[in-house]
Every structure is written in structure tokens, then in C-alpha cells.
Amino acid sequence: MTKLEVLTENRNRANDYVHEVYELVKKRNPDEKEFLQATREIFDSLRPVFAKHPEYIANGILERITEPERIISFRVAWEDDKGKVQVNRGFRVQFNSDLGPYKGGIRFHPSVNSSIMKFLAFEQIFKNALTGQPIGAGKGGSDFDPKGKSDREIMRFTQSFMTELSKHIGPDIDVPAGDIGVGKREIGYMFGQYNRLKGGYEAGVLTGKDPNHGGSLGRKEATGYGTVYFVEEMLNEYGQSIEGKTVIVSGSGNVSTYAMEKAQQLGAKVIACSDSDGYIVDSEGINLATVKRLKEVENKRIADYMKDHPNAEYHPDCSDIWSVACDIALPCATQNEIDEISAHTLIGNGVIAIGEGANMPCTIEAINLFHENRVLFAPAKAANAGGVAVSAMEMSQNSMRLSWTEAEVDERLKVVMHNIFESCKKAAENYGHPGNFAMGANIAGFLKVANAMVAHGIR
Ligand code: NDP
Ligand code: 2IT
């Protein structure tokens, strides 16, 4: 056979393999649309990898990497303030442990179901691999809605949730952290309950703890800061920077707040942010002190921003935030917030870069449109990996029983984000798609895990 014939045969075999495994995954998970979306997005990137490395086909890597090692689903019964019994469903998806203990957040949101848990845990495999740290991948959560619950209700619920979860986690087994609806308060209650049940103090069982008792300085800021560091690396690559740019950020939670803070520190003008009820536009620049007070202290809605800043505008449909003209858009709220229509609007308004702070905030069609229109695109698995990276640093500090300064953590975070950017860039170039950082992230993350899976044998 000529060289060209061999190449063609390898490419055809890779395409058939990806197609066959995707059909299998669809058959096995028929109603899990978010999980199927996440697998399809990865699969599309990996064709050139299987063409170049048929050994991954022989090792059944795709068949194995798409089936979680373990899924735990459990009843969480608790009593509300009125004495009524409430029942929620709890999950922990332990997806892959080839690089280290399962690692990933816990989400409390009424939309939580098996598909959402699995897509998040699946994405975590590649994200955690990209950090270069020794962490496997998992995700957990519950369909519990923290909105409108009293502090005591939150405590009773999290204690009940942890009573079951504690049987399945541990500092060398599985180390959860926060995500939507889970911050340092919830982590604190879960940590207390875990230690109570174990009869000891196991600092490294959870990350995202309060830095005053066991947590790492800089963890709260890490995801948002890391997203902006990645976007800045990407802009620098093309001779640009975030300074002087107009930015919009969806959400006003943990990731959004610190993405806005870092963007402002680097000289950008952030003009819009949101919550699930609506969005605000402040053409003078969002006053972050007000947002932090409303969201971190008073538990208020973003609409309340108007009381302090009457010149701003409030719009009651959060998904419309993408109609605000900007240079850079940072979706930092939830999955699938930017669809094809929003992507068209952003492109029409001249957006130059997108940075995914949230997990899978853009649909596949939206991502394709950004690439087709030469909009720089920072994919979630790479751009928001700073959070879990600093979580892994929290694990290190807990093991060593010492604490790094905030400056030290931030310095390490910058190095991690720089290395992730370089890995994505190189993988994209090596596999024939320079500048496609989404493909680069998928390929670089995949190679790291796939090599470990080959080394560890078929299991
Ligand atoms: P928070 O709970 O702190 O904030 C979430 C924000 O998004 C809130 O403003 C919330 O509004 C809004 N939001 C949530 N769900 C929806 C929805 N269905 N529609 C519209 N708005 C919504 O969560 P985080 O900031 O921690 O997480 C945000 C995203 O970042 C998630 O995708 C998460 O998986 C991802 N992520 C988080 C990391 C972390 O370290 N925390 C690390 C990496 C990724 P409201 O309050 O009204 O519900
Ligand atoms: O999606 C994520 O990476 C997180 N929610 C953070 C996980 C972690 O273990 O810090």
C-alpha cells in the first residue's frame, strides 16, 4: 500500500470506531441529552488521534472512558422548618480514577439528574488531566433547591446528604468540592458531618473549605481568575489583550464574581452580569462591591443592583444578556446558555473572544459558529480548570499540614493556566487544527488519561 492509502485506511478506521462507539453510548444512555452532547463534542475532536494511534482502538479506550467506574444514587430525607419530611435524590458519579482519586464538585440545583451529573463528571476527566495534577474525575449533587431555604434547613439537608456520601469518599478515594449552589457554608456543614461520622479530622476529604479552617487561600477566586488568565493568554497569542475591552459575564455567583474581578483588575470594562431572573447593564462599569454585597452577604437578586445604581438597566430575561454588544463574553452561569441564536447575535455585534467559565455553556452549534467566524474560543475544560487546580493545591496543603499565602497560590494558578494554554495550543497544532483550542483541550486531556488507561491494563 502507498503511504496515502495507509493514511486513508487509518482515517476510515478511526471514523468507523468513533461512529460505532458513539452509537453504543447513545443506545446505553438514550435519554441523557447533556451527557450525549458532552461525549459527541469530545468524540468529534478525537478522530485524528485514533487515526494516528490505532493502539487506543485496540485498548478499547473510548468504550471504557465513556462508562463511569461507579454511579451512586441515594435517598436524602430531611425535615424542613415546618416539620414536614422532604425527600431529594443524591448522586455521586465516580467516572475515572486513572490519574488520581475521583475529584469534582457537588451541585445543588433542582435541575440535577443523572444526565447532568454524568456530563459534568465526564468533562471533569479531561479538565483534571489538563491541570497536570494527580486527580481523577467525579461529580455529585442533588436536585435539592437551596433557594428560599433557611440556614438550618441547608444544614439538615447537607448533613443527611453527607451521611450517605461519607460511605463512598475519602482523601485518597474521592474528594468533592463546590459547584452551583454549594459554597463554603455547605462545604463546612458537609465537612463537619463527615468528621463526626468518621470520629476524626480528615482535612483532605473535601476542598473549597473556609481558609480560616482548613481551606486554601485563593480557592474562592481560582475559577474566575483562571478563566480570565486563560483568555488573556489566548488574546496575547494574537497580539491583543483584555485591557480596554468591553466584557459581559453571565451569572453573579462564585465563578462570575471573580471573573469580573480579574477582568477589571486587568483593565477591562465589565458592563453586564445576570442571575437566573434577569440581567443588568451598567455602561459605567459594574460596581463589583455592590454585586458581592448582594450575592455573598445579603442573598438578594441582581435586580436589587438598581437600588444603588439607578442609572443602570435591568432586563428580566437572563438569556438575553448576549444581545449586549461586547468584545469578550464570559458565560459563567450554567450549561447551554449560549445557543446558535445567541452566538449569531454575539458575532453580529463584533465579539472577538469567548471564555467558558461555566461547564459546557455553549452548544456544539454555537462553538462551530465561533470557529467559523474566527472568534477566539476558550473551552470550559481548559478555561475553568483553575478551580479544580487550586482544589488539588488545597489537597497538597492539607497533606503537608501547612498553608501557602494567597500570592503563592495565585502564582501557581498562573503557571497552571499558562501550561494548560500551551498544551491546548500544541495539541491543536500537532493534530492539524491550529487555533482550535477546544480541539486542543480535548486531545491533550484525552492523551494524558488514555496513556494512563493503557498502562493500567483493561479494567
Ligand atoms: P453559583 O451557584 O455560585 O452561581 C451560579 C450563577 O449562575 C448564579 O448567578 C445563578 O443564578 C446562575 N444560574 C445557575 N443556574 C442557572 C440557570 N439554569 N439559568 C440561569 N442562571 C443560572 O455557581 P458557580 O459560580 O460555582 O458555578 C457556575 C458555573 O461554573 C457552573 O457551570 C459550574 O459547573 C461551573 N464551574 C464552577 C467551578 C467552581 O469552582 N465553583 C469550577 C469550574 C466550573 P441564581 O442564583 O438566580 O440561580
Ligand atoms: O467543575 C469544576 O471543576 C468544579 N466545580 C470544581 C471541582 C473541584 O474539585 O474543585
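First, a word on what this report is: a plain description of the structure on this page. (Residues numbered from 1 in each chain as written. Chains lettered and ligands numbered in written order. Predicted model: local features only at pLDDT ≥ 70, side-chain atom pairs only at ≥ 80, totals over all residues. Heavy atoms only, no water.)

## Section: the site of ligand 1
Worth spelling out the cut-off: Throughout, the term near means that a residue has one or more heavy atoms lying within 4 Å of the molecule or strand in question. N or O atoms within 3.5 Å of each other form a polar contact, as long as, within protein, one can give a hydrogen and the other can take it, and as long as residues adjacent in sequence are counted only when both atoms are side-chain atoms. Only the protein chains shown count as cover for residues, and all accessible areas are computed by the Shrake-Rupley method using a 1.4 Å probe. Runs of H or I in DSSP of at least four residues are treated as helices and runs of E of at least two as strands, each being numbered from the N terminus. All residues other than Ala, Val, Leu, Ile, Met, Phe, Trp, Tyr, Cys, Pro, Asp, Glu, Lys and Arg, Gly among them, are scored as polar; the first ten of these are nonpolar and the last four charged.
Neighbouring ligand 1 are 26 residues; Asp179, Thr223, Ser276, Arg301 and Asn359 lie closest to it. One nitrogen or oxygen atom from the main chain of Gly181 is found 3.0 Å from an oxygen atom belonging to ligand 1. In this structure, an oxygen atom belonging to ligand 1 sits 2.8 Å away from a side-chain N or O atom of Arg219. Burial of ligand 1 by the protein amounts to 84% of the accessible area it has alone, namely 890 Å². Breaking the shell around ligand 1 down by element, the ones donating at least two residues are helix 8 (219–237) and helix 9 (254–265). In the shell around ligand 1, the residues fall into six nonpolar, 13 polar and seven charged.

## A short note on the sheet that holds strand 11 (residues 353–355)
Strands in a sheet are paired, the pairing made by backbone hydrogen bonds, and the direction either parallel or antiparallel. What counts, and what does not: The pairing criterion is simple: DSSP has to find at least two bridges between the two strands. The axes are straight lines fitted to the C-alpha atoms, using for helices just the contacting stretch, and the angles between their N-to-C directions are given from 0 to 180°. Working rule for contacts: check all heavy atoms of both residues, and any pair within 4.5 Å makes them a contact.
The sheet built from seven strands is open, its strands ordered 9-8-7-6-10-11-12 with mixed pairing. In the strand order of this sheet, the two ends are held by strand 9 (313–315) and strand 12 (376–378), each with one partner. Adjacent strand axes in the sheet meet at a mean angle of 20° when their direction is disregarded. The strands touched by helix 8 within the sheet are strand 10 (328–330), strand 11 and strand 12, with strand 12 carrying the most contacts at an inclination of about 150°.

## Thoughts on the nonpolar core
Our working definition: Here, the term nonpolar core denotes a set of buried Ala, Val, Leu, Ile, Met, Phe, Trp, Tyr and Cys residues that are joined through side-chain atoms within 4.5 Å. For each residue, the accessible area found with a 1.4 Å probe, counting protein chains only, is set against the maximum for its type, and the residue is called buried under 20%, exposed over 50%, and partly exposed in between.
Membership of the largest hydrophobic core comes to 97 residues, with the highest contact counts inside it found for Phe50, Phe230 and Phe446. With 11 residues, the single largest contributor to this core is helix 17 (residues 437–455). Not counting the four nearest positions on each side in its chain, Phe446 is found in contact with Leu46, Val49, Phe50, Tyr56, Ile61, Ile65 and Phe126. Core analysis: the next-biggest nonpolar cluster, separate from the first, contains 24 residues, Ile271, Tyr279, Phe370 and Val375 among them.

## What to know about the site of ligand 2
Taken together, the neighbourhood of ligand 2 is formed by 14 residues, with Lys103, Gln124, Lys127, Asp179 and Ser391 sitting nearest. In this structure, Asn359 approaches ligand 2 through a side-chain N or O atom, which is 3.0 Å from an oxygen atom. Between Ser391 and ligand 2, the recorded distance is 2.5 Å, taken from a side-chain N or O atom to an oxygen atom. Expressed as a share of its isolated accessible area of 300 Å², the protein-covered part of ligand 2 is 94%. Only strand 3 (102–108), helix 5 (114–131) and helix 15 (386–400) provide two or more residues apiece to the shell around ligand 2. Its residues assigned to classes, the shell around ligand 2 comprises two nonpolar, seven polar and five charged.

## Observations regarding the packing of aromatic side chains
Convention followed: Think of it this way: a Phe, Tyr or Trp ring, Trp meaning its six-membered ring, pairs with another when their centres are within 6.5 Å, and the plane angle makes it stacked under 30 degrees, edge-to-face over 60, tilted otherwise. When the NZ atom of lysine or the CZ atom of arginine is within 6 Å of a ring's centre and also within 35 degrees of its normal, the charge is said to sit over that ring.
According to the stated counting rule, one finds 22 aromatic pairs in the structure shown. Geometrically, the ring pair formed by Trp78 and Phe157 is edge-to-face, given 6.0 Å between the ring centres and 80° between the ring planes. Of this pair, Trp78 sits in strand 1 (residues 70–79) while Phe157 sits in helix 6 (residues 151–165), and the two are 79 residues apart along the sequence. Assessed through its relative accessible area of 6%, Trp78 is described here as buried. We classify Phe157 as buried; its relative accessible area is 0%. The residue whose ring lies beneath Lys149 is Phe144, and the NZ or CZ to ring-centre distance is 5.3 Å. Positioned above the aromatic ring of Phe191, the side-chain terminus of Lys209 is 5.6 Å from the ring centre.

## Focus on the state of the cysteines
Under the convention used in this document: Pairs of cysteine sulfur atoms within 2.5 Å are what we label disulfides.
In the structure shown here, the tally under the stated rule is zero disulfides. The structure places no disulfide on Cys332, whose sulfur is separated from the nearest cysteine sulfur, that of Cys273, by 10 Å. By relative accessible area, which is 6% here, Cys332 ends up buried. As a non-bridged cysteine, Cys362 has Cys332 as the owner of its nearest cysteine sulfur, 11 Å distant. The class for Cys362 is buried, based on a relative accessible area of 2%.

## So, the pairing of strand 3
Successive residues of a regular strand alternate their side chains across the two faces of the sheet. Burial analysis of strand 3 places seven of its seven residues in the buried class, the great majority of the element. Relative to strand 5 (residues 174–177), strand 3 is paired through four bridges, and the arrangement is parallel. Pairing of Gly105 across the sheet is with Ala177, part of strand 5. Sheet topology note: the strand 3/strand 4 (residues 137–142) ladder contains three bridges and is parallel. Bridged to Arg107 within strand 4 is Gly141.

## Brief notes about the side chain of Lys425
Along the chain, Lys425 falls in helix 16 (residues 406–430). According to the relative accessible area criterion, Lys425 is buried, its value standing at 17%. The residues touching Lys425, leaving out its near neighbours within four places in the chain, are Glu237 and Phe437.

None of this, on its own, says anything about what the molecule does.
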